[in-house]
Amino acid sequence: MSARLSVLAAAATAGDQEALVVRGQRIAFEALAERAARAAHVLRERGAGPGAPVSLEPELDLATCVWIHAALALGAPLLLQPSRVSERERARQRGIAGARVHLRPGDAPPTSGPLLTPEPADAASPAAIVFTSGTTGQPKGAVLSRRALVAAADASATHLGWREDDRWYLTLPPAHVGGLSVLVRCLLARKAVVLGPPSFSVGATRRDLSAHRATLLSLVPTMLHRLLEAGWRGPGTLRAVLLGGAPATARLLERAEDARIPVLPTYGATETSAQAATREPGTPPTAAAGVGRPLPGVELRVVDGRVQLRGPTLFDGYLRPDGRLDPARDAEGFWDSGDLGALDEAGRLHLRGRRSDLILSGGENVYPAEVEARLAEHLASGELAVVGVPDDEWGERVAVAFEGVDSGRVRAAIARAGLAPHQRPRLAALVAALPRTPSGKIDRAATRALAFRSLEEAGR
């Protein structure tokens with residue numbers, strides 16, 4: 001299994017078959033393997049290897065793909081670090097993971113020099129470390145083994161199948177498991193990945209999908225919304241669009257069906273190596289099918305309304321601050337996602353909420369407590385609660401409900417709080433009183449409903 005997770009092994013069977021298409025440049029598996037072998041030699045010389053992670057700030061470019069394949073070939077765990085995370089937090093994560101080598105954007109792989117001939121890596125060894133967060137916003141490093149990534153790719157392949165002419169258009173940066181999983185799936189299947197632009201572009205995506213005859217695509221609802229707003233209709237070559245990363249509204253799915261876009265809503269998490277459940281190909285987007293059944297090998301159950309998962313695609317656990325591993329499973333081996341859902345009679349998952357407090361907006365996590373604390377620094381009085389309200393474009397839009405303070409001061413606080421764009425409340429609702437639980441805490445579910453009603457009455 002470990003040998004499969006290497007572009008060097010892929011080159012032996014795929015040869016001059018296309019592996020990557022980057023800004024019009026076509027790179028074969030054998031050429032990509034040579035670049036990765038040179039880069040792997042450099043990583044080993046700098047101290048990376050099995051048990052010695054490489055930290056990387058991935059972008060949608062050739063250099064990132066080469067470094068990722070080099071680390072996989074070397075058997076060095078990849079610590080994926082989104083550039084939007086502060087440098088202080090990235091440094092903390094590198095310390096916990098014990099990263100020996102840090103690669104920044106612009107660090108180019110070598111174009112000449114010795115090639116590495118690596119030893120096969122243990123299938124159970126870590127392949128990637130991705131820091132994610134629960135509803136508290138405290139970052140936790142999820143450790144994904146090589147075995148889990150391969151199992152997830154196999155499960156996806158069994159569900160979707162592969163065609164001879166398949167090529168995957170990648171719009172999701174490999175800083176997240178969604179982007180990494182596409183590279184792994186196509187590596188194992190010996191299929192080409194077409195890289196989208198560094199930042200998502202409606203125009204470039206529409207042109208590239210047609211020009212490169214892409215058959216598979218992964219999007220978050222924000223991307224799909226923008227494509228539909230621009231009048232996009234699915235090209236005839238496109239056979240499946242995996243839609244995840246945030247809740248998709250019924251209206252968005254209806255519009256996709258009208259535009260003949262073969263959308264397959266999907267559910268997954270970093271901890272499940274991306275996909276865990278996906279609608280079956282050919283299912284109409286508006287059908288009452290939720291996000292479909294669990295993928296082959298994935299066990300899914302709902303206990304007290306919470307989605308729990310078990311199977312070979314599951315992560316090994318979370319890294320503790322001292323570097324030890326917390327398995328994060330119950331006695332039966334199930335991981336509690338914290339997501340709310342239900343299973344219908346056909347075994348299909350229907351989501352009812354995503355980690356009740358967590359807001360997923362445009363594929364990004366927003367932690368209400370963090371935003372509230374930043375806003376409170378700029379308000380001398382009054383109370384507020386940050387919630388997510390349904391939105392066609394963003395999946396959820398960040399909103400703030402407040403009492404005891406005028407709207408002008410709230411908007412001024414938003415402007416001064418130094419929030420990241422995806423954290424900034426776009427909607428503000430004045431309420432007579434914030435709903436509370438019997439213990440006196442703010443009832444977020446009731447607040448969300450109240451804020452939504454208030455915004456609807458005001459026409460947003």
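Student: So what exactly am I meant to see when it comes to helix 5 (residues 146-160) here?
Tutor: Residues spaced three or four apart along an α-helix point in a common direction, a consequence of the helix completing one turn every 3.6 residues. Between its first and last C-alpha, helix 5 extends 21 Å over 15 residues, near the 21 Å set by a 1.5 Å rise per residue. Within helix 5 the residues assigned to the buried category are Arg-146, Ala-148, Leu-149, Val-150, Ala-151, Ala-152, Ala-153, Ala-155, Ser-156, His-159 and Leu-160. Of the residues one or two after helix 5, Gly-161 is the one with positive phi, at around 75 degrees.

Student: It is not clear to me how the nonpolar core should be interpreted in this structure. Could you clarify?
Tutor: Note on soluble globular proteins: their nonpolar side chains tend to be buried together. Leu-43, Leu-224 and Ile-261 are the most contacted members of the largest nonpolar core, which totals 100 residues. When sequence neighbours within four positions are dropped, the list of residues in contact with Ile-261 reads Leu-224, Leu-228, Trp-232, Gly-234, Val-241, Ala-256 and Pro-285. Counting residues in each nonpolar core, the second largest holds 16 residues, with Val-371, Val-405, Ile-414 and Ala-417 among its members.

Student: What exactly am I supposed to notice about the pattern of salt bridges here?
Tutor: Once their charged atoms are close, side chains differing in charge can pair, the charge on each being opposite to the other. Taken as a whole and assessed by the stated rule, the structure comprises 24 salt bridges. Ionic pairing is found between Arg-239 and Asp-166, a salt bridge with its closest N-O pair at 2.7 Å. Of this pair, Arg-239 sits in the loop between helix 8 (221-229) and strand 11 (240-243) while Asp-166 sits in the loop between helix 5 and strand 8 (167-170), and the two are 73 residues apart along the sequence. Of the charged contacts in the structure, one is a salt bridge between Asp-391 and Arg-397, with a shortest N-O distance of 3.1 Å. On the accessibility criterion, Arg-397 (18% relative accessible area) is buried. Each of Glu-57, Glu-87, Arg-90, Arg-94 and Arg-104 takes part in a single network of salt bridges with overlapping partners.

Student: Can you walk me through the packing of helix 5 against helix 6 (residues 177-189) in this structure?
Tutor: Angle between the axes and distance between the axes: these two values describe a pair of packed helices. Between helix 5 and helix 6, the shortest axis-to-axis distance is 9 Å and the interhelical angle comes to 75 degrees. On the basis of their axis angle, the class for helix 5 and helix 6 is roughly perpendicular. Residues Leu-149, Val-150, Ala-153 and Ser-156 of helix 5 pack against Leu-180, Val-184, Arg-185 and Leu-188 of helix 6. In the contact of helix 5 with helix 6, the residues fall into 6 nonpolar, 1 polar and 1 charged.

Student: Help me understand the environment of Tyr-169 in this model?
Tutor: Inspection of the secondary structure puts Tyr-169 in strand 8. Expressed as a C-alpha distance, the spacing of Tyr-169 and His-212, which sit 43 residues apart in the sequence, is 8.7 Å. Among residues more than four places away in sequence, those in contact with Tyr-169 are Val-194, Leu-195, Gly-196, Pro-197, Ala-204, Thr-205, Asp-208, Leu-209, Ala-214, Leu-216, Leu-217 and Ser-218.

Student: Help me understand the sheet that holds strand 12 (residues 263-269) in this model?
Tutor: Strand order in the open sheet made by the 9 strands is 2-1-9-8-10-11-12-13-14, with mixed pairing throughout. The outermost strands of the open sheet, each flanked by one partner alone, are strand 2 (25-28) and strand 14 (293-294). Bridge analysis of strand 12 against strand 13 (residues 274-278) gives 4 bridges, and the strand direction is antiparallel. Paired with Gly-268 across the bridge in strand 13 is Gln-275.

Student: Help me out: how do you make sense of the side chain of Glu-57 in this one?
Tutor: By secondary structure assignment, the location of Glu-57 is in the loop between strand 3 (54-56) and helix 3 (62-74). On the accessibility criterion, Glu-57 (7% relative accessible area) is buried. One polar contact links Glu-57 to Arg-90, side chain to side chain, over a distance of 3.5 Å. Residue contacts for Glu-57: discarding those within four places in its chain leaves Gln-81, Ser-83, Arg-90, His-102, Leu-103, Arg-104 and Pro-105.

Student: Could you clarify how one ought to interpret the packing of helix 1 (residues 7-14) against helix 2 (residues 29-45) in this entry?
Tutor: Between helix 1 and helix 2, whose axes approach to 8 Å, the crossing angle comes to 155 degrees. The orientation of helix 1 relative to helix 2 falls into the category roughly antiparallel. Between helix 1 and helix 2 the crossing geometry is left-handed. Side by side, helix 1 and helix 2 meet where Val-7, Leu-8, Ala-10, Ala-11 and Ala-14 of the first sit next to Phe-29, Glu-30, Leu-32, Ala-33, Ala-36 and Ala-37 of the second. Looking at side-chain class alone, the contact of helix 1 with helix 2 contains 10 nonpolar, no polar and 1 charged residues.

Basis of the calculations
- Residues numbered from 1 in each chain as written.
- Predicted model: local features only at pLDDT ≥ 70, side-chain atom pairs only at ≥ 80, totals over all residues.
- Heavy atoms only, no water.
- Helix = DSSP H or I, 4+ residues; strand = E, 2+ residues; numbered from the N terminus.
- Expected span 1.5 Å × (residues − 1).
- Buried < 20%, exposed > 50% of the residue type's maximum accessible area, 1.4 Å probe, protein only.
- Core = buried A, V, L, I, M, F, W, Y, C linked by side-chain atoms within 4.5 Å.
- Contact = heavy atoms within 4.5 Å.
- Salt bridge = Lys/Arg side-chain N within 4 Å of Asp/Glu carboxyl O.
- Axes fitted to C-alpha atoms, helices over the stretch in contact; angles between N-to-C directions.
- Parallel < 35°, antiparallel > 145°, perpendicular 65-115°, else oblique.
- Nonpolar A, V, L, I, M, F, W, Y, C, P; charged D, E, K, R; others polar.
- Pairing = 2+ DSSP bridges.
- Polar contact = N/O pair within 3.5 Å; in protein donor to acceptor, adjacent residues only side chain to side chain.
- Left-handed = near helix turned anticlockwise from the far one by under 90°.

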